[in-house]
Amino acid sequence: MSDYLDTADGRRLAYDRTEGAGPGVVFLGGFVSDKEGTKAVALEDWARRRGRAYLRFDYSGHGSSSGAFTDGSIGDWFEDARAALMKLTEGPQVLVGSSMGGWIALLLARECPEKVAGLVTVAAAPDFTEDLTWAEFSEAQRRQLMAEGRVVVPSDYAAEGYVITRRLIEDGRSRLVLRTPLDLPMPVRFLQGTADMDVPMAVALRLMDHVSGPDIRLTLVKGADHRSSTPDCLRLIERSVEKVIQRVERVDA
């Protein structure tokens, strides 16, 4: 059974928390994903086996949390993640961000670095509302979005497609991380599949080139798609988290 966190913004977030040693691990899901996804649950199993504190939760409008997905924005989901990080964890955490969750993780590292011990991203999609959504819209789609406030785009993950709102696009422009310097002083591991059709490999290369920090590595996985949920990919994610924790603990020793 999930527990619930009531935030200062009036949203109710569903979460599952595993007690254990620190630094804990926090999973940040993707766009229209939830805490019951393969990677989130697999990492929970890993954390239990290792005796490691772990948190997975649903953004508002996702999974079992309150609100409608179409009312949300990157800013809302960042605020949800910040509330969960601040209220439900003790000490600095290792953030594992999948797709949009990678963008959220970077925002958290920028806004509250004291709570971020390390980062692991999987097919991170920073600034995707501007660079992968708005940039690829046709002129007709852009006109419809501005006039009607929303447009439906096809998706391999939902037969009915995804609703993209004007608010999502406009709010995203105030949360961009690739337009100004981004220093990541903590251990960072970026993971990216070469067969990802949703977030191209070029995004990972641009992110790697953009950020600065003393311990940042990018791993390209040949043939891996956007889900990165095969047994081999899940093991790579676990090993990456373990590596980051080892680096953190070495510094703290």
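For the structure given in this document, a descriptive report is provided here.

One can find D215 in the loop between β11 (211-212) and β12 (216-221). On the basis of relative accessibility, which here comes to 15%, the residue D215 falls in the buried class. Polar contacts involving the side chain of D215 include one to the side chain of R189, which spans 3.1 Å. Leave out the neighbours within four places in its chain, and D215 touches M186, P187, V188, R189 and R247.

This paragraph deals with the nonpolar core. Judged by nonpolar contacts, the single largest core of 57 residues is most densely connected at L28, I104 and L184. With residues near it in sequence (within four places) discarded, L28 still touches F57, Y59, A81, L95, V96, G97, S98, G101, I104, A105 and L108. Residues W46, V94, V120 and I237 belong to the second largest nonpolar core, which totals 19 residues.

Reading across the sheet, the 8 strands line up as β1-β2-β4-β3-β5-β6-β10-β12 and stay open at both edges, with mixed pairing between neighbours. Unpaired on one side and paired on the other, β1 (3-6) and β12 mark the two borders of the sheet. When the angles between neighbouring strand axes are averaged without regard to direction, this sheet yields 20 degrees. The sheet contact formed by strand β2 (residues 12-18) and strand β4 (residues 52-57) spans 4 bridges and is antiparallel. Residue pairing across strands places T18 opposite Y54, the latter belonging to β4. Against the sheet, helix α1 (residues 38-50) contacts β2, β3 (21-28), β4, β5 (93-98) and β6 (116-122), and its axis sits at roughly 160 degrees relative to β4. Where helix α2 (residues 74-88) meets the sheet, it contacts β1, β2, β3, β4 and β5, and its direction lies at approximately 150 degrees from that of β4.

Contact pair α2 / helix α3 (residues 100-111): the axes reach a minimum separation of 10 Å and the direction vectors enclose 65 degrees. Seen from above, α2 lies across α3 with right-handed handedness. Together, I74, W77, F78, A81, R82 and L85 of α2 and M100, W103, I104, L107, L108 and E111 of α3 make up the contact between the two elements. Along the lines of polarity and charge, the residues of the contact of α2 with α3 split into 10 nonpolar, no polar and 2 charged.

Reading the values: the criteria
Residues numbered from 1 in each chain as written. Predicted model: local features only at pLDDT ≥ 70, side-chain atom pairs only at ≥ 80, totals over all residues. Heavy atoms only, no water. Helix = DSSP H or I, 4+ residues; strand = E, 2+ residues; numbered from the N terminus. Buried < 20%, exposed > 50% of the residue type's maximum accessible area, 1.4 Å probe, protein only. Polar contact = N/O pair within 3.5 Å; in protein donor to acceptor, adjacent residues only side chain to side chain. Contact = heavy atoms within 4.5 Å. Core = buried A, V, L, I, M, F, W, Y, C linked by side-chain atoms within 4.5 Å. Pairing = 2+ DSSP bridges. Axes fitted to C-alpha atoms, helices over the stretch in contact; angles between N-to-C directions. Left-handed = near helix turned anticlockwise from the far one by under 90°. Nonpolar A, V, L, I, M, F, W, Y, C, P; charged D, E, K, R; others polar.

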